[in-house]
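Each chain, letter by letter, is given below.
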Amino acid sequence: MQKLLTSLLCAFMLAGCFARKENSTNFAAYEGFYKSIQDNDKFQDGSLYYQITAEMSTLADGTHRYYIFLDDAQIAMYDVVLLAIENSTPFESGTKMMPSIGIFESQDYSLIPNQARTEKGFVKGLVLSGETPDDSVDITMLVEWRDKNKENAHREYLSFTITEAGFTAVSRQMPEAELIESEEGQPNE
């Protein structure tokens, strides 16, 4: 019986170590994406590859909840990562986690035009949400995805304002999606 308890204890400790390592890896990825948004100086208000919309509502306590919707994919988008930063809050002075998808989840999400199989991670759309005490929030956002072969990663940076009246573009630039390259100068895999 003692051997069984010792074995179970060791198994739980190992699982905890792996979970902590995964969490620190995920948090490092979150920080990297966050700083990528902060360092970027070219934002767009929409995309040719998907639809982005947003809305805000007032909660009973007077705070505001906003929702950012990414759907209607025009191309296959695999392993999608989304991160939205409120009011250009610097990473170092942030007091809360910003809304994200694809960083901390154990499942990857992909959008394929006109297809949805949620049990396999193929979704129709993705939703980020957050709360703010303000009735208006400026969002800077990263959208990253991989191509069908998962050889190349593409990034777009968006900027817009959300109020109860709706979604307002901050910028009118429409640059092409940025192709992310690895350290060796080859596209990321």
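**Looking at the sheet that holds strand β5 (residues 125-132)**
One open sheet accounts for three strands, arranged β1-β2-β5; its pairing is antiparallel. In this open sheet, the two edge strands, each paired with only one partner strand, are β1 (51-58) and β5. Each strand axis lies, on average, 15 degrees off the axis of its neighbour in the sheet, ignoring direction. Two elements, β1 and strand β2 (residues 64-71), share eight bridges in a ladder whose sense is antiparallel. In the strand pairing of β2, Ala 54 is matched with Ile 68.

**Points about the pairing of strand β3 (residues 78-86)**
Counting buried residues along β3, nine of its nine residues qualify, which places the element largely inside the surrounding structure. Of the pairings in the sheet, the one linking β3 to strand β6 (residues 136-146) comprises seven bridges and is antiparallel in character. When the sheet's bridge partners are listed, Leu 83 is paired in β6 with Leu 142. As paired elements, β3 and strand β4 (residues 100-101) share two bridges and run antiparallel to each other. In the sheet register, Leu 82 faces β4, and the bridge partner there is Ile 101.

**Regarding the packing of aromatic side chains**
Overall, the coordinates contain 12 aromatic pairs when judged by the stated rule. Taken together, a centroid distance of 5.7 Å and an interplanar angle of 45 degrees make the contact between Tyr 30 and Phe 104 tilted. Separated by 74 residues along the polypeptide, Tyr 30 in helix α1 (residues 2-39) and Phe 104 in the loop between β4 and β5 bring together distant segments of the chain. Using a relative accessible area of 2% as the deciding quantity, one classes Tyr 30 as buried. Residue classification places Phe 104 among the partly exposed residues on the basis of a relative accessible area of 34%. Ring geometry for Tyr 78 against Phe 122: centres 6.3 Å apart, planes inclined by 85 degrees, an arrangement best described as edge-to-face. Placement of the pair is Tyr 78 in strand β3 and Phe 122 in the loop between β4 and β5, with a sequence separation of 44 residues. Among the residues examined, Tyr 78 registers a relative accessible area of 14% and is labelled buried. One aromatic cluster in this structure is built from Phe 27, Tyr 30, Tyr 34, Phe 91 and Phe 104.

Basis of the calculations
- Residues numbered from 1 in each chain as written.
- Predicted model: local features only at pLDDT ≥ 70, side-chain atom pairs only at ≥ 80, totals over all residues.
- Heavy atoms only, no water.
- Pairing = 2+ DSSP bridges.
- Helix = DSSP H or I, 4+ residues; strand = E, 2+ residues; numbered from the N terminus.
- Axes fitted to C-alpha atoms, helices over the stretch in contact; angles between N-to-C directions.
- Buried < 20%, exposed > 50% of the residue type's maximum accessible area, 1.4 Å probe, protein only.
- Phe/Tyr/Trp six-rings, centres within 6.5 Å; stacked < 30°, edge-to-face > 60°.

Function cannot be inferred from these measures alone, as they are strictly geometric.
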